[in-house]
Structure formats: C-alpha cells, structure tokens
Amino acid sequence: MLLYNSLTHTREEFVPHEPGVVRMYTCGPTVYHYAHIGNLRSYICEDILEKYLRYLGYDVRRVMNITDVGHLSSDADTGEDKMLKGARREHKTVMEIAQYYTDAFFSDCAKLNIRRPDIVQPATGCIDEYIQLVDGLLKKGYAYIADGNVYFDTAKLDEYYVFNKHERENLLSGVREGVEEDFSKHNKEDFVLWFTKSKFDDQELKWDSPWGVGYPGWHIECSGISLKYLGEYLDIHCGGIDNAFPHHTNEIAQSEAYIGHKWCNYWFHVMHLLNDTGKMSKSKGEFLTVSLLEQKGYDPIAYRFFCLQSHYRRPLIFSYANLDNAAAAYNKLVDRIAGLDPAMASLDPSKGALDDEAAAPYRKAFRDAMDNDVNTSLALTAVYDLLKSDLPDAAKLSLIGEFDTVLSLNLLSAAETQRAKKETVPAETEADAEILALIEARTVAKKAKNYAEADRIRNQLNAMGIALTDTPQGVQWSRV
RNA sequence: GGCGCCAUGGCCAAGCGGUAAGGCAAGGGUCUGCAAAACCCUUAUUCCCCGGUCCGAUUCCGGGUGGCGCCUCCA
C-alpha cells in the first residue's frame, strides 16, 4: 500500500522492516483533562491505519504512551506542569488525575470504536529506561549538563530538522506567549532530557537519577517507551501534525543518536480538526468532547463517519451543520443496509454466502481506496457502490461486514438494531390493547374520510410515544 | 520573518496528464387524504487567479491570492 511519509513528503510503498510484522508507535494523550474531538480525530485515523494493516494480514504491534508526568506547558524552566495544574484544579493528586483521565480517554475511544493499542504504557512506569537513555547519550557525547539539567546537543547532529528545511537563524524564540528563552542551552534548538532544576518546588513527581532528583524531559518518554517495547527498528510512528516539530524531531534526534542508526521509516501525521477559531483546542472556542456530542443527541459513531468522509491529510472543518450532514448520511446508510433481505442476514458468510469471484471487483475497489494512502472517503464510496450492485444481499452483507472490520462503523449491528426495531411485534399488554384500539379508531376515521379525527388520534399516539406509518399492507406502529 | 500543508458545485468530497466519482442537502416525479419511508429524475462546459510545458492540464512547472499549521503546551 502507498503511505504518505512526512519524512520524504511523498507517498511511498509501505514495506516493514520484518516481513509480515508492523511495529507502530503512537503518541498518546496527556491525561490532565478530557480529550476533545480534534484529539480523537488523530486516533480515529490511526485506528483505521492499524486495522487496515491487520486486514491485509500484518501482525501489528502497536504501542501508545500515556503522558502522566513532566509535560510542562512551556519550556525553559518556565510555565507549569499540566498534570500538576489539572490536579490543583480538581484538588486531587497527580496520579488520581492521571488515572481518571486515562480511563476517560479509553472510554471515549471505545465509544468511537478505536481499538486499544496492544501496549499502553504510562510514562511514569519507565523512568529507568529514560535514565539509561540519557546516560547513553551523555556517554556518546550527544548530551551535556548545564545548570543542573541534562540537554541534548543538537550541534552534534548532521541533520536535525528532518521534517522541514528550517534554518536556525530564521527560527524565532518565544513566538508563543509565555515562553522564555533558556540561556543554559548551548544552541537554541537543544532540549532538556532530564530536569533537576525547576522553578516549581512543588513538582509532585520526582525520581532519583545520576544527575540528581528530578524528572524526565518531555520528548524522552516516547523514545524510551518505543525502544523498550518495539526495539530499534520502528515501522510507523503516528501523531498529530503539530507534533512533527519539535516533539517528533527531538524523538528522532535522541533515538537515532542513542541506537546509532535510522530508527523509524514512516511518519504518519494527521491534520487538524478546525473550527471557526482555527485549530481546535481546549482553550479556544467550545470544548468539544464525546460526552458533549452524546448530550446533544449525536451517536459518537456519526462523528467517526464524519472523519472518515474526509482524508487524514486534509484539514477538516467541524461545525454542527457538517456533523448533522454526516449523521444523516450515516443513518441513511445504516437504513439501506437494514433494508437488505433480513432472511439472508443471519447466513454465516463462511458457509458459501459469498461468491468470491463476484465479490472481487468490490473488494478490489475497497482495497484500492485504502491502499491509496488510506483514502477512507473512497473506501466509503466503495460501500455505496457495493450497495448499488446486483450482488445477492447475503454477499453484500458479508462484504460490508468485512469492510467494517476496518471502518468500524457498526454497519451490521446498527442495521440489525434498526431492523429489529421495525420488525418487533410488541407483546400484547393492556397498554398495547389501548394503542391498538386507538389505531383501529383512526383507521375507521380514515375510511370515513374524517381526516381531522384521524390526525388527532395520530397526534395522541405520538404523544404516547407511538409512531405510525401507513403502508400498502396496513398501519405499522413502533415505539419511538 | 522562516518552513510546511491545503484550495473542486449550497455543504462534505474523489480525482495523480485524456476531457469533472460518490454522499448530504435542494428541486421535480411515482406512491400517499396528508405525512413518513422507498424508488426514479435533475443540479459544476468547469476545478482560486495569471503565465508556461504539452496534441491535450483540475492534474506538471513558475508566479500570485486566500486558508490552516509549526517555529519549544498542544493530536
């Protein structure tokens, strides 16, 4: 398959280091608050990539870190630790906050059908690994100690700016508010590997190290965790595009300096979700969470569908109008699937329901779309084309089920629910007897062309939570 | 200031040199007392602008314009 690689700025044929195995690393969340749906867009796109690789038969080993320490809101010994800030806000300990928001994160992921990575590692669990890394970098001459902190020496690298062609003199310090320059650094682009000196005396989490009591810099955790679980050869590293610089750039610098060779071949960066203020963030505009969408009556999967309609390398503009559009499209799609012959729905696809030869063109369309740099928009079109085809319903259902192992839109189960809703004949109860009597009364009124009365009864039933549908076979009713 | 990404109908969006997919919405129709649902039909001579290459460019090149991102919190 072709994958766009941020390192080369081109689409390349994906070839893992070890045939049949994909080692994949994802920068996980900083668990100081809820994730917003922009954060989750990245994880949805990465989830699709992972599942498609599995669909192709790869043994995917995916690792994600959980940042529960040392993520300062700015560099250079200024700013605050986000975790500590969150803890103070909620009068809890840092570890309580971390646990709470880690759980919340995976709960949101579950609602969006994002598979939990094989290994999820909180950053605080690998301090020894970071120390070993920093120690190795010092011994190899890639790091230095200044004013109590250990820094990575970017001047030792042949190439530091691997993603973009930055020139040192053109980079501005302190572009962002609240960021002050750290004059202990030898070079402007050097970064901290280990802190022992911090302006915050109330730093809660500290560990002993050869350089004094302190805590790790914010880039070292991803290198440490990735190297620990996935070894020296990584195939795909994922993350939001904003992480390319400096986070991923620094990861590459420290990892490759430490292991002494090329580390990761493919860098998969997801573009941002935008709203009317630009990039979605926790501090600007409405703080959109999965729970908020649910409160507003949206199925989280409709949001997943919304993301899949677009391409991961395109900025996506969020608005409620656009989400409504996606939700309507998703519901219509599910209804169409629910309309397929229900007698065939229960057929086991493995028992000859699928004619492989007839299915081949549709399967090819789906794969071609996904092979083309994970073009989910086209993959969705492949589903629509399949639905329009003259394949037997059983084959359609079987293929949709197959595609949905990647798309994860609950296509089959949601359709089944829809179908069940329409077909369930409620058991007779006293309440039902009353309803049936009203329906009968309306039918009588209709026959007498007394439409005012018929509509009055329909409204009455609506108020009771009963929806009526006139069909050529008679009146159907269901609970709303 | 530097670097990078992007620009297609009302909205989302495909398109990777051969003459504009698909979805949503909208309009019309069939059906219906009216609804709802379903089905059928319609909706970009044109792809931000200006040059260039080519028999031919939405697709390649150059230059603009606009949007977004990064330049030590961010997915």
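Residues numbered from 1 in each chain as written. Chains lettered and ligands numbered in written order. Predicted model: local features only at pLDDT ≥ 70, side-chain atom pairs only at ≥ 80, totals over all residues. Heavy atoms only, no water.

Quick look at the overall build of chain A
A tally of helices and strands in chain A yields 17 helices and 16 strands. Of all 480 residues assigned to chain A, the portion counted as buried reaches 51%. Nonlocal contacts in chain A, meaning residues at least 24 apart in sequence, comprise 75% of its contacts between residues at least 6 apart. In the form shown here, chain A has an accessible surface area of approximately 22,100 Å², with 51% of it arising from carbon and sulfur atoms. (Helix = DSSP H or I, 4+ residues; strand = E, 2+ residues; numbered from the N terminus. Buried < 20%, exposed > 50% of the residue type's maximum accessible area, 1.4 Å probe, protein only. Contact = heavy atoms within 4.5 Å. Areas by Shrake-Rupley, 256 points an atom, 1.4 Å probe, with all protein chains shown as cover.)

Re the sheet that holds strand S7 (residues 149-152)
Reading across the sheet, the four strands line up as S6-S7-S8-S9 and stay open at both edges, with antiparallel pairing between neighbours. Only two strands of the sheet have a single partner each, and these edge strands are strand S6 (143-146) and strand S9 (215-216). Of the pairings in the sheet, the one linking strand S8 (residues 191-195) to S9 comprises two bridges and is antiparallel in character. Residue Phe 195 lies in a different strand from S9, and its bridge partner there is Tyr 215. (Pairing = 2+ DSSP bridges.)

Section: the nonpolar core
One finds Ile 236, Phe 268, Tyr 303 and Phe 366 to be the most contacted residues of the largest nonpolar core, which totals 139 residues. At ten residues, helix H1 (residues 37-55) tops the list of elements feeding residues into this core. Once you skip the residues sitting within four places of it in the chain, Tyr 303 turns out to touch Ile 37, Gly 38, Arg 41, Ile 44, Leu 112, Leu 273, Leu 293 and Leu 323. Leu 438, Leu 461, Leu 468 and Trp 477 belong to the second largest nonpolar core, which has eight residues in total. (Core = buried A, V, L, I, M, F, W, Y, C linked by side-chain atoms within 4.5 Å.)

So, the sheet that holds strand S4 (residues 59-66)
The sheet built from five strands is open, its strands ordered S5-S4-S3-S10-S11 with parallel pairing. The open sheet terminates on both sides in strands that have one partner only, identified here as strand S5 (119-122) and strand S11 (264-270). Within the sheet, the average angular offset between the axes of one strand and its neighbour, ignoring direction, is 20°. Bridge analysis of strand S3 (residues 21-26) against S4 gives six bridges, and the strand direction is parallel. Across the sheet, the residue bridging to Arg 23 is Arg 61, located in S4. (Axes fitted to C-alpha atoms, helices over the stretch in contact; angles between N-to-C directions.)

Points about the pattern of salt bridges
If you walk through the whole model with that rule in mind, you get 20 salt bridges. Notably, a salt bridge pairs Glu 46 with Arg 62, separated by 3.3 Å at the nearest N-O pair. Of this pair, Glu 46 sits in helix H1 while Arg 62 sits in strand S4; the two residues are 16 residues apart in sequence, bridging distant segments of the chain. Residue classification places Arg 62 among the buried positions, given a relative accessible area of 1%. With a closest N to O distance of 3.3 Å, Lys 228 and Glu 129 form a salt bridge. Here Lys 228, found in helix H5 (residues 220-230), pairs with Glu 129, found in helix H4 (residues 127-139); they are 99 residues apart in sequence, far enough to count as distant. By sharing partners, the salt bridges in this structure join Glu 46, Glu 50, Arg 54, Arg 62, Arg 115 and Asp 118 into a single network. (Salt bridge = Lys/Arg side-chain N within 4 Å of Asp/Glu carboxyl O.)

Looking at helix H14 (residues 393-407)
Taking 1.5 Å per residue as the helical rise, H14 with its 15 residues ought to reach 21 Å, and the 20 Å between its terminal C-alpha atoms agrees with that figure. Taken across its 15 residues, H14 has 13 buried, putting it largely inside the fold. Ser 408 sits one or two residues past H14 and shows a positive phi near 55°. (Expected span 1.5 Å × (residues − 1).)

Points about the environment of Lys 165
As for its position among the elements, Lys 165 is in the loop between S7 and S8. Judged by relative accessible area, which is 83%, Lys 165 ranks as exposed. Sequence separation between Lys 165 and Gly 260 is 95 residues; the distance between their C-alpha atoms is 23 Å.

Observations regarding the packing of helix H12 (residues 356-371) against H14
Axis separation between H12 and H14 bottoms out at 11 Å; the angle between their running directions is 10°. The angle between the axes of H12 and H14 places the two elements in the roughly parallel class. Handedness of the crossing formed by H12 with H14: right-handed. Together, Ala 359, Tyr 362, Arg 363, Phe 366, Arg 367 and Met 370 of H12 and Leu 399, Glu 402, Phe 403, Val 406 and Leu 407 of H14 make up the contact between the two elements. For the contact of H12 with H14, the per-class residue count stands at eight nonpolar, no polar and three charged. (Parallel < 35°, antiparallel > 145°, perpendicular 65-115°, else oblique. Left-handed = near helix turned anticlockwise from the far one by under 90°. Nonpolar A, V, L, I, M, F, W, Y, C, P; charged D, E, K, R; others polar.)

Topic: the packing of aromatic side chains
A complete count under the given rule lists 27 aromatic pairs for this structure. Relative to Tyr 101, the ring of Tyr 100 has its centre 4.9 Å away and its plane inclined at 85°; by these criteria the two rings are edge-to-face. Centre to centre, the rings of Phe 366 and Phe 403 are 4.1 Å apart; their planes meet at 10°, and the pair counts as stacked. Of this pair, Phe 366 sits in helix H12 while Phe 403 sits in helix H14; the two residues are 37 residues apart in sequence, bridging distant segments of the chain. Among the aromatic residues, ring-to-ring pairing joins Tyr 298, Tyr 303, Phe 306, Phe 318 and Tyr 320 into one connected group. Lying across the ring of Phe 106, Arg 116 places its NZ or CZ 4.1 Å from the centre. (Phe/Tyr/Trp six-rings, centres within 6.5 Å; stacked < 30°, edge-to-face > 60°. Lys NZ or Arg CZ within 6 Å of the ring centre and 35° of its normal.)

Observations regarding the confidence of the model for chain A
Looking at chain A, pLDDT values average 84 and 87% of them are 70 or higher. Note on residues 73-78: pLDDT is under 50 here. Beyond four places in sequence and across chains, it has 23 contacts. Taken as a whole, residues 344-352 scores under 50 in pLDDT and shows eleven contacts with residues more than four places along the chain or in a different chain. The complex prediction reports pTM at 0.89, with the ipTM value standing at 0.90. (pLDDT = per-residue confidence, 0-100.)

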